[in-house]
Amino acid sequence: MIQEFKDFINKGNVVDLAVAVVLGAAFGAVVTSFVDNVLMQIVALIFGEPDFSNVKITISDTPIYIGTFLTALISFLFIALAVFFVVKAYNAMKRPVEEDEAGPSEIDLLTEIRDSLANR
């Protein structure tokens, strides 16, 4: 049983997962900081405050704090937008370089090979 546990720990998947969790947490902190310290400050320039936690509706002497919800919603949208742009950039870098269209196609190359073999 100890050997099985050692084998499990030494598999690459566990190490990859651990690295992904650590990097994900660090990336989450960066994105949250970007949203809170940059994007929400732009909201503050437009609306006067970086959050809307003071916005409330009072019904029958009961305050309903819709501003807190609005702040969370705007933060979520900004975080989703930031992650979207990071993933979009990552996918663009990951995309293989397209072949030069001036070169012969696979069909042309196969035709040449066939003709060459037929001429032998």
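Residues numbered from 1 in each chain as written. Predicted model: local features only at pLDDT ≥ 70, side-chain atom pairs only at ≥ 80, totals over all residues. Heavy atoms only, no water.

S.K.: Give a detailed account of unusual backbone geometry, specifying residues and quantitative values.
M.R.: Unusually for a residue other than glycine, Ser60 sits at a positive phi of about 55°. On the secondary structure map, Ser60 appears in the loop between β1 (57-59) and β2 (62-64). When its relative accessible area of 67% is taken as the criterion, Ser60 is described as exposed. One non-glycine residue with positive phi stands out, namely Asp61, at about 60°. (Helix = DSSP H or I, 4+ residues; strand = E, 2+ residues; numbered from the N terminus. Buried < 20%, exposed > 50% of the residue type's maximum accessible area, 1.4 Å probe, protein only.)

S.K.: Can you lay out the side chain of Thr71 for me, pointing to particular residues and giving the numbers?
M.R.: Inspection of the secondary structure assignment puts Thr71 in helix α3 (residues 66-94). Judged by its relative accessible area of 15%, Thr71 is buried. Here the side chain of Thr71 touches Phe52 through a polar contact of 2.7 Å, landing on its backbone nitrogen. (Polar contact = N/O pair within 3.5 Å; in protein donor to acceptor, adjacent residues only side chain to side chain.)

S.K.: Before we move on, can you summarise the packing of aromatic side chains with the specific residues and values?
M.R.: The way to describe two aromatic rings as a pair is by their centre distance and the angle between their planes. With the rule as written, the count across this model stands at 2 aromatic pairs. Here Phe47 and Phe52 contribute two aromatic rings whose centre-to-centre distance is 5.6 Å and whose plane-to-plane angle is 75°, an arrangement assigned as edge-to-face. Residue Phe47 is classed as exposed on the basis of its relative accessible area of 57%. (Phe/Tyr/Trp six-rings, centres within 6.5 Å; stacked < 30°, edge-to-face > 60°.)

The analysis is restricted to geometry; functional conclusions fall outside its scope.
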